[in-house]
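Residue-level structural notes
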Amino acid sequence: MGPHAHEVTMGRSTVSKKFSTWADDEARREWACLRLLAEHAPGLAPRPLERFCEAGAPVIVMEKLPGQPLGGSSLTSVQHEALGHALHLLFEVPVNAALKSGVPERRLGPRDLMAHLRNALHDQIDDDACIHPDVVRRALQAARDRVSSVQDAPNPRSTAVGIADLNPANVLWDGHRCRLVDFEDGGLTTPAFDLADHLEHLSARTRNLYDEAQLSRAVGLTGDERTDLAEHRVLWAVFWLLALLPGSSAHTRNPEGTLEVQAEHVLGLIQASKDAPGAGRSP
């Protein structure tokens, strides 16, 4: 996901989050998710304390959790187990309870992601501004072919609640367990779809922070879900390829050559998944 604009104020026992933008209903979404988790998975995420408006901007006050953000180096086996356990707890929250609490589908859920990719892949792209335009062109064409081959399910069924943005900075590690923060993109999804998003998050993948096999095992994905995971990873990799194209904020924020590395990554994933069972299924 792209960055959001908000201001975080840390107190001794509380955290105050003031939103600068809220066009996608980020504040309401986060409040609904935090209330749901406080009831059904207490201790996994900050307990919501109050919400109000300040100068017209929504503000959420929540409890301050212990721990430090992940992200300095690849996770250890113990950290993978702890993070997998945290995600398992999240995915086990009853969907019916989420619906009653007003939790919507996560941002860029399965239907929205496909629509986003199809629209963006038809945009005019200035690939001449790339360092190695040939590899970018090949990756974009492979992405168009893959996305056009995926048939949408008429009504994808959500089976879990997800955080949507597992940027390593949103995982707090206290030496024993992982806790999750930042649910402004969170909502209804499936475990495979959400985990694919986490594994392909640029800030995690480029630093090799997460290991797919360890996380999948710790989360408890079934065989079918692991097949879906591989398909969803392709789509999220394409998402980041598009986000890194010249003219984007992500292109200027990341080191030179990041786009080309992502293009090679997309080509590798697509090649590896061509003969995999279930390739081309709906997300």
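First, a word on scope: everything that follows refers to the structure included in this document. Each chain has its residues counted from 1, running along the sequence as written. It should be noted that, the model being predicted, local features are given only for residues of pLDDT at least 70 and side-chain atom pairs only at 80 or more, the latter also being counted only at that level, while totals for whole chains, interfaces and linings use all residues. Computation of side-chain values: all heavy atoms of the structure, hydrogens and water removed.

Focus: the overall build of the protein chain
Each helix is a run of H or I in the DSSP string that is no shorter than four residues. Each strand is a run of E no shorter than two, and both are numbered from the N terminus. What the protein chain contains, in helices and strands, is eleven helices and nine strands. Two things to know: the radius of gyration comes from C-alpha atoms, and the globule rule equals 2.2 Å times the number of residues to the power 0.38. Radius of gyration (C-alpha) of the protein chain: 19 Å, near the 19 Å computed for a compact globule of 283 residues. Dimensions of the protein chain, computed from the C-alpha atoms along their principal axes, are close to 50 × 40 × 40 Å. Every one of the 283 residues in the protein chain was classed for burial, and the buried ones make up 51%. In the protein chain, the share of contacts with a sequence separation of at least 24, taken over all contacts with a separation of at least 6, comes to 75%. Each accessible area value is a Shrake-Rupley result obtained with a 1.4 Å probe; residue values ignore everything except the protein chains displayed when judging cover. Carbon and sulfur atoms make up 48% of the accessible area of the protein chain, which totals about 13,100 Å². We count Lys and Arg on the positive side and Asp and Glu on the negative side, and we leave His and both chain ends out. A charge is said to be at NZ when it belongs to Lys, at CZ for Arg, at CG for Asp and at CD for Glu. Each charge sign in the protein chain was given a centre, from 29 positive and 38 negative side chains, and these centres are 4 Å apart. Only protein chains enter the accessibility calculation, which uses a 1.4 Å probe; a residue whose area is less than 20% of its type maximum is buried, one above 50% is exposed, and one in between is partly exposed. Here a residue-residue contact requires only that any non-hydrogen atoms of the pair lie within 4.5 Å.

What to know about the environment of G67
Turning to its location among the elements, G67 is positioned in the loop between β4 (57-63) and β5 (68-69). Sequence spacing of G67 and L172 is 105 residues, and the spatial spacing of their C-alpha atoms is 5.0 Å. Not counting residues within four places of it along the chain, the set of residues in contact with G67 comprises L172, W173 and D174.

Some words on unusual backbone geometry
The phi torsion at A55 lies on the positive side, around 55 degrees, for a residue other than glycine. Mapped onto the fold, A55 is located in the loop between β3 (48-54) and β4. Under the relative-accessibility criterion, A55 is labelled exposed at 82%. For L108, which is not glycine, the phi dihedral falls at a positive 50 degrees. As for its placement among the helices and strands, L108 is situated in the loop between α3 (95-100) and α4 (110-121).

Quick notes on the sheet that holds strand β2 (residues 14-19)
Strands are treated as partners if at least two bridges between them are detected by DSSP. Reading across the sheet, the four strands line up as β1-β2-β4-β3 and stay open at both edges, with antiparallel pairing between neighbours. Of all strands in the sheet, those with a lone pairing partner are β1 (6-10) and β3, marking the two edges. If you compare each strand with its neighbour and ignore which way they point, the axes differ by 20 degrees on average. Sheet topology note: the β3/β4 ladder contains six bridges and is antiparallel. Within β4, the residue paired with E54 across the bridge is A57. Interaxial angles span 0 to 180 degrees and are taken between N-to-C directions of axes, which are lines fitted to C-alpha atoms, for helices over the stretch in contact.

Some words on the packing of aromatic side chains
Paired rings are identified among Phe, Tyr and Trp, the last through its six-membered ring, by centres lying within 6.5 Å, and are further divided according to the angle between planes into stacked (under 30 degrees), edge-to-face (over 60) and tilted (the rest). Evaluation of the coordinates by the stated rule reveals three aromatic pairs. Note on W236 and F239: the rings are 5.3 Å apart at their centroids and 75 degrees apart in plane angle, and the pair reads as edge-to-face. A residue pair is termed a helical-turn pair when its members lie 3 or 4 positions apart in one helix, as W236 and F239 do in helix α9 (residues 223-243) at three residues. A single burial state applies to W236 and to F239, both of which are buried. Each residue in the set F193, W236, F239 and W240 is aromatic and connected to the rest through ring pairs, giving one cluster.

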